[in-house]
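Summary of structural features
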Amino acid sequence: MRTSTRVAGALVSVCALLAGAACGADDAGSTKDVEVFTWWADGGEKAGLDGLVATFGTDCAEYRFVNGAIAGGAGSNAKQVLASRLSQGDPPDTFQAHAGAELIDYINAGQIEDLSAEYQQWGLTNAFPKGLIDNLTVDGKIYSVPANIHRANVLWSNRSVLAAAGITSDATTLEGFFADLEKLKAKGVTPLALGKDWTQLMLLEAVLISDLGPEKFTGLWNGQTPWDSPEVGKAVDDYERLLTYTNKDTRDTFDWTDASKLLIDGKAGYQLMGDWEAADLDAKKFTGYGFSTFPGNGATFQWLADSFVLPKDASNAEGTKCWLKTVGGAAGQKAFNTKKGSIPARTDADSADYPTYQQAAIADWKTQTQVPSCAHGSACSQGWQGALGSAMGKFSSDGDKAALRAALVAAAKQFASK
Ligand code: BGC
């Protein structure tokens, strides 16, 4: 069946708004299609993607968004599928990749194209902060377009649960935090909701920031700070102590949204998670949450950035470029970030357009000390991240602290500066 141009136009917008679905099956796989590969499948993540897709539908009406999302927090499932598709020479038209070390993996493997000319053409070179551009650049070339800045070191809470335990303000030190976790434990709730491997790595990273401070924490990833120091030992001790306040029986099977459900249901007091949680709690209409910086992190902003790339041999390079232009444009960044919990990567956004949480994050991003995240690719390669995720999962089940410390040291030895 042929579709008239007008009807086809309507189909494009509807398909775009439905974020992919099975629309236009009669010409599926046509040169209009732009397959966008992410792990933003539900809740606040999908709400953010839908915002971007709506802008794409307007700005790139000649193309059609095809949703290649594979669910699983932090890309736990998507990245494996992506790796296999890339190795088989079957890339999606574009995929999400974290700025920093993770992106360098793809660049070194020759899997993504240089976008420096497009940066000039679309006026992006001055649209983003210099530090972020540096994290996207290798040998003078820029390989991806950042959609946002997320913050990883945020402590979320259920305000009613805290109030019932007599906690009126969030702790700013680890010792104060332990005292509050005791109060929650006495109330019979899970003091600190936790999920599997990568969320455990996030928690360890937050504790490392508290115990080492931002400079030494950053040094862990660039070879300046040793992993076998007494400070790292203290952080592992503190982490072990924190684990005693978590949902031991379920943490190794929980994704981050399972852990946040404990918070929403009033069964847990706190959860450490990136600020995609703000968007997800909003999307789930849970208004009783609070947020603060992880205790002891002070004025440290642990950042990561989702960016999109043009894979080598993408089947619709022109359509992908239109997607990338939307991702980097002011309208696309606003439509996406107001719903995603993140803040715009562009420096020309108006804070007043954003919800309360993001307004605070926009202010902090400008003034606080920035440190990267390994669990979300800005600090370490995918190999290093995988090794640490496995070590955390193992420690969660066997509690062997000496083995965990040895695994941290061994991973740094194997992966640092690769
Ligand atoms: C991504 C976020 C995403 C989060 C949870 C992070 O790695 O950067 O965009 O919301 O994982 O899935």
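Structural notes, computed from the coordinates. (Residues numbered from 1 in each chain as written. Predicted model: local features only at pLDDT ≥ 70, side-chain atom pairs only at ≥ 80, totals over all residues. Heavy atoms only, no water.)

Some details on the pairing of strand 8 (residues 154-158)
Put simply, the rule is: Burial status follows relative accessibility: with a 1.4 Å probe on protein chains alone, a residue under 20% of its type maximum counts as buried, one over 50% as exposed, and anything between as partly exposed. We count a stretch as a helix when DSSP gives it H or I for four or more residues in a row; a strand needs E for two or more, and each element gets its number in order from the N terminus. Strand pairing is assigned whenever DSSP identifies at least 2 bridges connecting the two strands.
Counting buried positions over the five residues of strand 8 gives five, a clear majority of the element. As defined by bridge partners, strand 8 adjoins strand 10 (residues 268-273) across four bridges and the pair is classed as antiparallel. The partner of S157 across the bridge, within strand 10, is Y270.

Here's the deal with the site of the ligand
Cut-off, in case you're wondering: By convention in these notes, a residue is near a molecule or strand provided one of its non-hydrogen atoms lies within 4 Å of it. N or O atoms within 3.5 Å of each other form a polar contact, as long as, within protein, one can give a hydrogen and the other can take it, and as long as residues adjacent in sequence are counted only when both atoms are side-chain atoms. For accessible areas, the Shrake-Rupley method is used with a probe of radius 1.4 Å. Any residue's cover is judged against the shown protein chains and nothing else. Residues are grouped as follows: Ala, Val, Leu, Ile, Met, Phe, Trp, Tyr, Cys and Pro are nonpolar; Asp, Glu, Lys and Arg are charged; all remaining types, including Gly, are polar.
Close to the ligand lie 13 residues; E45, H98, D306, K340 and H376 are nearest. For the ligand, an oxygen atom lies 2.8 Å from a polar atom in the side chain of H98. Residue H376 places a side-chain N or O atom 2.7 Å away from an oxygen atom belonging to the ligand. In isolation the ligand offers 310 Å² of accessible surface; the protein chains occlude 100% of this area. When the residues that make up the shell around the ligand are grouped by side-chain class, the tally is six nonpolar, four polar and three charged.

Quick look at the sheet that holds strand 13 (residues 306-309)
Strand-to-strand pairing in sheets goes through backbone hydrogen bonds, with the strands running parallel or antiparallel. Our working definition: Note on geometry: axes are C-alpha line fits, over the in-contact stretch for helices, and angles between N-to-C directions span 0 to 180 degrees. The contact rule is simple, with two residues in contact once any of their heavy atoms fall within 4.5 Å.
Across the sheet, five strands lie side by side as 2-1-3-13-6; this open sheet has mixed pairing. Since the sheet does not close on itself, it has two edges, and those belong to strand 2 (64-67) and strand 6 (144-146), each with one partner. Averaged over neighbouring strand pairs, the angle between their axes works out to 35° when direction is ignored. By the bridge criterion, three bridges tie strand 6 to strand 13 in an arrangement that is antiparallel. In the strand pairing of strand 13, S144 is matched with V309. Against the sheet, helix 13 (residues 317-328) touches strand 1 (33-37), strand 2, strand 3 (94-98), strand 6 and strand 13, its axis set at about 155° to strand 13.

A few points about the packing of aromatic side chains
Remark: the centre distance and the inter-plane angle together describe each pair of aromatic rings, the angle taken between the planes. What counts, and what does not: Stacked, edge-to-face and tilted are the three classes for Phe, Tyr and Trp ring pairs, Trp counted by its six-membered ring, which pair at centre distances within 6.5 Å; planes under 30 degrees apart are stacked, over 60 edge-to-face, the rest tilted.
Under the defined criterion, the tally for this structure stands at 20 aromatic pairs. Between the aromatic rings of W40 and F336, the centroid separation amounts to 5.1 Å while the plane-to-plane angle is 40°, which identifies the pairing as tilted. Placement of W40 in the loop between strand 1 and helix 2 (43-59) and of F336 in helix 14 (residues 330-340) is noted, with a sequence separation of 296 residues between them. The exposure class assigned to F336 is buried, which follows from its relative accessible area of 1%. Relative to F294, the ring of F177 has its centre 5.7 Å away and its plane inclined at 80°; by these criteria the two rings are edge-to-face. Of this pair, F177 sits in helix 8 (residues 174-186) while F294 sits in the loop between strand 11 (289-293) and strand 12 (300-304), and the two are 117 residues apart along the sequence. F294 sits in the buried class, given a relative accessible area of 1%.

Focus on the pattern of salt bridges
A side chain with one charge may pair with a side chain of the opposite charge, provided their charged atoms come close. For clarity, the threshold we go by: Put simply, a salt bridge is a Lys or Arg side-chain nitrogen that is within 4 Å of an Asp or Glu carboxyl oxygen.
Across all of its chains, the model carries 21 salt bridges by this definition. Residue K79 pairs with E102 through a salt bridge whose shortest N-O separation is 2.9 Å. With K79 in helix 3 (residues 78-87) and E102 in helix 4 (residues 101-108), this pair connects stretches of sequence that are 23 residues apart. Both residues of the pair, K79 and E102, count as buried. Between K183 and D180 there is a salt bridge; the shortest N-O distance is 3.4 Å.

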